[in-house]
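Observations on chain architecture
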Amino acid sequence: MPAIYRAPVRDTRFVLDHVCGLDRYRNLPGFAEATPDLVNAILEEGAKFVEQVLAPLNQVGDREGCTRHADGSVTTPTGFRDAYRQYVEGGWGTLMAPKDYGGQGLPHVLGSAFEEYQTSANMAFSMYPGLTMGAVSAIHVAGSEEQKTTYLPNMISGRWTGTMNLTEPHCGTDLGLIRTRAEPQGDGTWKVTGTKIFISSGEHDLSENIIHLVLAKTPGAPDNVKGISLFIVPKFLVNPDGSLGERNAVSCGSLEHKMGIHGNATCVMNYDGATGYLVGEEMKGLKAMFVMMNVARLGVGIQGLGQSEVAYQNAVAYARERLQGRSLSGARNPEGKADPILVHPDVRRMLLDARAFNEGARALCLWAALQADLSHKAETPEEREAADDLLSLLTPVIKAYLTDEGYAHATNAQQVFGGHGYVAEWGMEQFVRDARIAMIYEGANGIQALDLVGRKLAAKGGRALRAFLKMVEGAIDEARADDRTAHQAEALQGAKAQLERATMWLMQNALANPDHAGAGATAYLRLMALVAFGYLWLVMARAAHGALAEGAEDRTFYEAKLLTARHFFERQLPGAGALAAQVEAGADTLMAFPDSAF
């Protein structure tokens, strides 16, 4: 049985209207063009594209993988080239790209909705254009006008694609250890030499050119992260008239043999004196690359959501049809020999846990994308700064929590299938394998937790955390005034208090012993995620109650939203107390264990 997928357009529309409130920002650049009719058209047409073009290729890409040839070229799986052609012709890569270089300039929040659909339908395929948009962001922020004019129009149109090159065989997170070198040539160009590994979309046959963004060290640079520079290294050099010139000295040495995302070419890239162009200032490359990395981390969070969503949809369909056992409270299918497994409470537990996560994660991703928009487009500097604070604080939370939970729910969805979930024909084991990488790349999740606790909490005197807690408190106060949501407001107040208590414990103990911060970082990140989900579920519950009170026609949708909210508040949010206890347990049991005893 082939896997199924239907883009959750109705739920996306609900989040855009009731959580993001797109209509409140009509005065801002890009939002005025995002009329309700246009938004609906993009969501509906995007859904058709991913359902009809990308989803049927997901299992094909997994079975075939990519092929590297003797000349170093790489062929993508059957159907990927035609699908990419349709992607380009549909203008899907232009949605949120800047107008000055051929984009539509629509809000990032709208592009993120389509990004989720792509990821659910075909995660491996979605990475080719997804990385390109990250490279576009980095060049747009840090590149020269000449670089922007030379590269951005073709990257935005989809004629060219982009990559990010950080990791080397001997270093991953610790970028200060990189050995790739760049030598100045006296004519404004540089010769880049080194090897990069795990480069997604590093070589393929989808586009005319591939624009690699490469971290390297220049002569005399300090041997740490302060000595890193960023370079544009195109696969084909670009002539002054914009046409493609000779092949650059960059090649795919091999393809990685991976657990999942087989349809994406993950390459070892060799730079043998390749011509490169400095982006921004020398030894300021990491700051520029972080622009791309932050875009990528939000995208990876969406990947966690996307795999959980498609796995959930397939598990629900199976649970409705699979007959096995009888309901504990009496036969539901008396004419048959067994009931559908959907009647069993533990099956429902797995499905509702996934549903509550999916809908909360969708709200968090789109809300975060809105903050990205506001950080650039809000009317006042204060509003832009406030949005940037919240986005910076929650980026590691989104990346880590959504991928941890996305993998867990994909695994639970596989569990619903029993033995059938373990065999390839149903597609469930692919969702699990594909989801696994999202917990690792773009900064492993433990590193995200350390980033949150070690850097983001204390940044700017803790201003972002205070703003986040104030936002949550405001939603609690509003919900308390409504009898329909007062009990859920109280539950969130309790979780918020646990987060504040855990924060205070870290402040009092981590400076004296930094291992306490390291030991509690993951639990703290998950605790903050639960509070963020609680905030969004409170907003969504109030919106659903309001719609029902106003006589909404789609009562089934809103009633289901309220039941899902109840599941979150009663069965998931209570985990906040256990997480706070884990933070406060400190590092003693971890660090006291002798190395020799492992």
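Read on for a plain summary of the structure.

Across all of its chains, the model carries 38 salt bridges by this definition. Notably, a salt bridge pairs Asp451 with Arg455, separated by 2.4 Å at the nearest N-O pair. Here Asp451 and its partner Arg455 are both found in helix H12 (residues 445–456), 4 residues apart, which amounts to about one turn of the helix. You can call Asp451 buried: its relative accessible area is 10%. Arg455 sits in the exposed class, given a relative accessible area of 52%. Between Glu570 and Arg566 there is a salt bridge whose closest N-O contact spans 3.0 Å. Taken as a pair, Glu570 and Arg566 lie in helix H16 (residues 555–572) at a separation of 4 residues, close to a single helical turn. Residue classification places Arg566 among the partly exposed residues on the basis of a relative accessible area of 46%.

Where helix H15 (residues 514–549) meets H16, the axes come as close as 9 Å, and the angle between the chain directions of the two elements is 150°. In terms of their interaxial angle, H15 and H16 are classed as roughly antiparallel. Judged by the sense of rotation from one axis to the other, the crossing of H15 with H16 is left-handed. Of the residues in H16, those in contact with Leu530, Phe533, Gly534, Trp537, Leu538, Met540, Ala541, Ala544, His545, Ala547 and Leu548 of H15 are Arg555, Tyr558, Glu559, Lys561, Leu562, Thr564, Ala565, Phe568, Phe569 and Gln572. Partitioned by chemical class, the residues of the contact of H15 with H16 number 14 nonpolar, 4 polar and 3 charged.

Attention now moves to the packing of aromatic side chains. Per the stated rule, a full pass over the model turns up 22 aromatic pairs. Look at Phe14 and Tyr558: their rings are 6.1 Å apart centre to centre, the planes differ by 65°, and that puts the pair in the edge-to-face class. Of this pair, Phe14 sits in helix H1 (residues 9–20) while Tyr558 sits in helix H16, placing them 544 residues apart in sequence. Judged by relative accessible area, Phe14 falls into the buried class, the value being 1%. Feature note: the residues Phe49, Phe80, Tyr84, Tyr87, Trp92, Phe114 and Phe125 constitute an aromatic cluster, connected by ring pairs. Directly above the aromatic system of Phe236 lies the positively charged group of Arg247, at a separation of 5.6 Å from the ring centroid. Sitting over the ring of Tyr407, Arg436 keeps its end group 5.5 Å from the ring centre.

The rules we used
Residues numbered from 1 in each chain as written. Predicted model: local features only at pLDDT ≥ 70, side-chain atom pairs only at ≥ 80, totals over all residues. Heavy atoms only, no water. Salt bridge = Lys/Arg side-chain N within 4 Å of Asp/Glu carboxyl O. Helix = DSSP H or I, 4+ residues; strand = E, 2+ residues; numbered from the N terminus. Buried < 20%, exposed > 50% of the residue type's maximum accessible area, 1.4 Å probe, protein only. Axes fitted to C-alpha atoms, helices over the stretch in contact; angles between N-to-C directions. Parallel < 35°, antiparallel > 145°, perpendicular 65-115°, else oblique. Left-handed = near helix turned anticlockwise from the far one by under 90°. Contact = heavy atoms within 4.5 Å. Nonpolar A, V, L, I, M, F, W, Y, C, P; charged D, E, K, R; others polar. Phe/Tyr/Trp six-rings, centres within 6.5 Å; stacked < 30°, edge-to-face > 60°. Lys NZ or Arg CZ within 6 Å of the ring centre and 35° of its normal.

All we've got here are geometric facts, nothing functional implied.
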